Amino acid sequence: MSTVTLDVGGMTCASCAARIEKRLNRIDGVEASVNFATEQARVDYPDTVTPEDLVAAVEATGYTAAVPAARTDSTETDGTGTEPDESAPWRQRLLISAALSLPVVALSMIPVLQFDNWQWLTLTLTSPVVVWGAWPFHRAAWTNLRHGAATMDTLISVGVTAAYLWSVWALFFTHAGMPGMKMPFEFISRSNEPHLYLEVAAAVTTFLLAGRYFEARAKRQSGAALRALLHMGAKDVAVLRTGASEATGKNTGAGEIRIPIAQLAVGDTFVVRPGEKIATDGVVTAGTSAVDASMLTGESVPFEVNVGDSVVGACVNVSGRLEVHATHVGADTQLAQMARLVTDAQSGKADVQRLADRVSAVFVPIVLVLSLATLVGWLLAGGAPAAAFTAAVAVLIIACPCALGLATPTALLVGTGRGAQLGILIKGPQILESTRRVDTIVLDKTGTVTTGRMSVVDVHVADGENVDEILRSVGALEHGSEHPIARAVSEYAARRGPLPAVDAFTNHGGLGVTGVVENRAVAAGRISWLRADWSLDAPQRLVQIADEAATHGHTPIWFAADGQIRAVIVVADTVKDTAAEAISGFRALGLTPILLTGDNRRAAESVAGQLGIERVVAEVLPAGKVDVITALQAEGHVVAMVGDGVNDAPALATADLGLAMGTGTDVAIEASDLTLVRGDLRAAVDAIRLSRATLGTIKGNLFWAFAYNVAALPLAAVGLLNPIIAGAAMAFSSVFVVSNSLRLRRFSPSTDAAGGRVG
């Protein structure tokens with residue numbers, strides 16, 4: 001199966017999206033999801049189908065479709081470097097229609113303003129509103145009619161046209177067109193006197209245009225976060241090239257040439273000066289600096305980078321000059337992957353939206369039948385034709401299901417976009433349902449609640465030994481090893497001064513290392529190895545210290561020189577500073593934390609004790625992690641899992657909700673449902689809070705959209721709703737739904753109140 005995202009044009013409501021989706025899904029092997037708010041169709045199709053076949057199917061339904069060009073950090077613009085404003089055409093129609101409609105409404109509603117032949121002036125002013133102002137509705141209704149379908153535009157077009165033609169008939173064929181004719185304003189016309197509905201045709205059109213205009217503006221605002229993400233990258237870059245010349249570009253210095261970002265290739269080395277954005281993902285080859293990654297991660301504090309450290313494109317170089325070797329460019333960068341994840345999430349549908357789509361698909365035909373039944377029912381009951389017509393038109397106009405189609409997509413647009421700004425990537429709308437039901441959260445230890453890097457906790461030396469001399473020797477010896485514990489010791493020692501060279505270095509298969517430092521035979525490793533192979537005994541004081549450290553889950557490294565044990569160095573994988581705060585956040589959300597690790601039980605229980613986690617599952621193999629998740633699910637729990645390593649991937653995929661730390665492996669991230677770009681565990685709390693808030697907004701939107709139609713339709717049918725009020729209410733419902741979704745843009749990380757990071 002292949003996947004393509006089509007840009008779909010001509011959709012005006014959720015029923016349009018439902019028709020296109022139904023048509024695409026009729027093709028053998030095709031699974032399509034059409035999103036009205038993003039105006040895109042995400043389609044999975046087999047090898048027997050081509051994208052051209054999919055485009056043809058959409059066009060056969062009466063809409064336009066195209067396979068979008070590859071998106072880069074500079075998305076399509078109108079030629080001026082800015083995004084085209086899709087609300088501009090609606091604004092023009094709205095302003096002109098409002099200017100023409102205002103005197104029509106005033107003359108129709110205020111008898112004192114009705115001079116001789118006023119009704120003919122209102123006809124003159126209303127005609128361009130009905131013909132030109134409402135043209136988008138008429139055109140869409142006609143297109144759908146040619147394909148045997150009815151949509152929201154059908155309701156609008158029929159309602160507005162009926163009100164206009166009724167008024168034209170009354171003007172030409174009754175005494176409503178006579179000079180001196182007066183028409184008192186009534187919310188509901190119950191008399192048999194000729195009644196004009198020009199103000200209805202004009203006002204309803206204007207209200208609906210206003211709704212479309214504000215809807216277009218709000219949809220643009222709701223997608224602002226994703227557009228900001230796409231525009232975040234650098235536009236050009238200074239590359240180190242041999243023999244740079246003016247003929248190939250602007251020479252910015254010896255060996256440097258500035259080129260567009262699109263020409264940057266993997267393997268190039270580029271320069272990043274203070275204040276510039278890092279052009280793409282890479283590894284620092286020269287220089288040191290502080291890097292601000294707040295645009296990608298939401299973390300406001302810059303972090304230090306040195307030679308050998310990885311950096312991410314679009315982050316800002318705060319201080320020093322850096323030379324960076326490009327490792328990923330274009331669509332392979334972390335920024336591009338983030339944008340792709342957000343786009344995929346926004347194009348999906350939650351289960352609650354699928355219910356709304358099914359309702360919208362049958363809603364319009366039902367409303368047309370209901371409107372006709374209202375007209376016939378009033379006439380059969382002996383009601384005035386004008387009153388019957390008013391009720392029928394009100395039913396047509398009030399029932400337009402705009403709000404239903406916008407309820408879910410707009411909330412997803414804003415929620416996922418805000419998440420991207422905070423370094424939280426939600427992979428799809430179906431994930432939101434899981435966050436609501438989760439009651440247990442399983443946490444991997446190493447790299448998730450701990451830093452994942454060993455560091456020296458303490459150094460204890462034998463009587464008469466000098467700490468600095470011991471660290472010089474052990475640091476030099478451990479510098480020859482690639483083991484994480486050895487690196488921790490050598491880095492700690494190197495911070496206290498330069499290290500001498502080591503000769504005759506030998507690694508003894510995970511037991512320890514030996515060598516010669518400054519003409520002294522030295523060894524570092526396990527006490528059991530030093531006792532068995534070297535017949536060395538440690539001072540009792542150091543043995544007690546080592547035993548105490550081991551009870552806290554720390555690792556003692558023994559150092560011997562010239563045939564005597566000289567020191568014990570205690571190293572540990574330290575708990576992250578923010579982990580305890582994150583655990584409190586999980587509890588506040590109603591989640592029970594469980595620590596799951598392959599490490600020994602003493603180390604795990606030590607970490608759990610620091611964090612206040614009561615349940616610990618330790619010494620578990622990777623396959624066993626899946627068994628733990630499955631067992632919890634069998635007990636009736638809905639389980640979330642947070643991890644970062646390759647060994648966590650099966651458990652992340654098995655859990656009801658998988659959260660991967662973005663500092664972890666690609667395998668873990670691929671297996672997860674939510675990706676946390678930052679290594680801060682508090683981001684997991686924010687991810688669940690944001691997901692629940694987004695789901696709550698979706699459900700609130702759908703409730704009000706349904707409640708609005710359920711409450712208003714009966715009022716319209718019994719003649720208690722003026723068509724003008726119906727048009728205003730229908731337009732307001734759409735604006736309300738989108739505005740309610742935009743509130744998610746104000747979502748704040750839970751740590752803001754405590755003076756922590758700011759997203």
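Computed from a predicted structure; not experimentally measured.

Procedures and definitions
- Residues numbered from 1 in each chain as written.
- Predicted model: local features only at pLDDT ≥ 70, side-chain atom pairs only at ≥ 80, totals over all residues.
- Heavy atoms only, no water.
- Helix = DSSP H or I, 4+ residues; strand = E, 2+ residues; numbered from the N terminus.
- Buried < 20%, exposed > 50% of the residue type's maximum accessible area, 1.4 Å probe, protein only.
- Contact = heavy atoms within 4.5 Å.
- Areas by Shrake-Rupley, 256 points an atom, 1.4 Å probe, with all protein chains shown as cover.
- Pairing = 2+ DSSP bridges.
- Axes fitted to C-alpha atoms, helices over the stretch in contact; angles between N-to-C directions.
- UniProt positions renumbered as here; feature names shortened; annotations may be inferred.
- Expected span 1.5 Å × (residues − 1).

### What about the overall build of the chain?
- Secondary structure assignment for the chain yields 26 helices and 27 strands.
- Residues classed as buried in the chain amount to 52% of the 759 residues present.
- Put simply, 70% of the contacts in the chain that link residues at least 6 apart link residues at least 24 apart.
- Carbon and sulfur atoms form 58% of the exposed surface of the chain, whose accessible area is close to 31,800 Å².

### Section: the sheet that holds strand 3 (residues 40-45)
- Spatial strand order, 2-3-1-4: four strands in an open sheet with antiparallel pairing. Only two strands of the sheet have a single partner each, and these edge strands are strand 2 (31-35) and strand 4 (64-66). Across the sheet, the mean angle from the axis of one strand to that of its neighbour is 25 degrees, orientation sign disregarded.
- Bridge count for strand 2 against strand 3 is five bridges, and the pairing is antiparallel.

### Overview of the UniProt feature "transmembrane region" (unreviewed entry) in the chain
- Sequence positions flagged by UniProt for "transmembrane region" (unreviewed entry) are, in local numbering, residues 94-112, 118-135, 155-176, 196-214, 359-381, 387-414, 701-718 and 724-742.
- Secondary structure across residues 94-112 divides into 84% helix and 0% strand, with the first and last C-alpha atoms of the span separated by 28 Å.
- Across residues 155-176 one finds 86% helix and 0% strand; the C-alpha atoms that close the span lie 27 Å apart.

### Let's talk about helix 12 (residues 385-398)
- Taking 1.5 Å of rise per residue, 14 residues should cover 20 Å, and helix 12 covers 20 Å from first to last C-alpha, within 8% of that figure.
- Where burial is concerned, most of helix 12 is hidden: 13 out of the 14 residues are buried.

### Some points on the sheet that holds strand 11 (residues 303-305)
- Overall, antiparallel pairing links the three strands, which are arranged 11-10-13 in an open sheet. Each having just a single partner strand, strand 11 and strand 13 (316-317) make up the two edges of the open sheet.
- Here strand 10 (residues 289-292) runs beside strand 11; their pairing, made up of three bridges, is antiparallel. Bridge assignment links Ala290 to a residue of strand 11, and that residue is Glu304.

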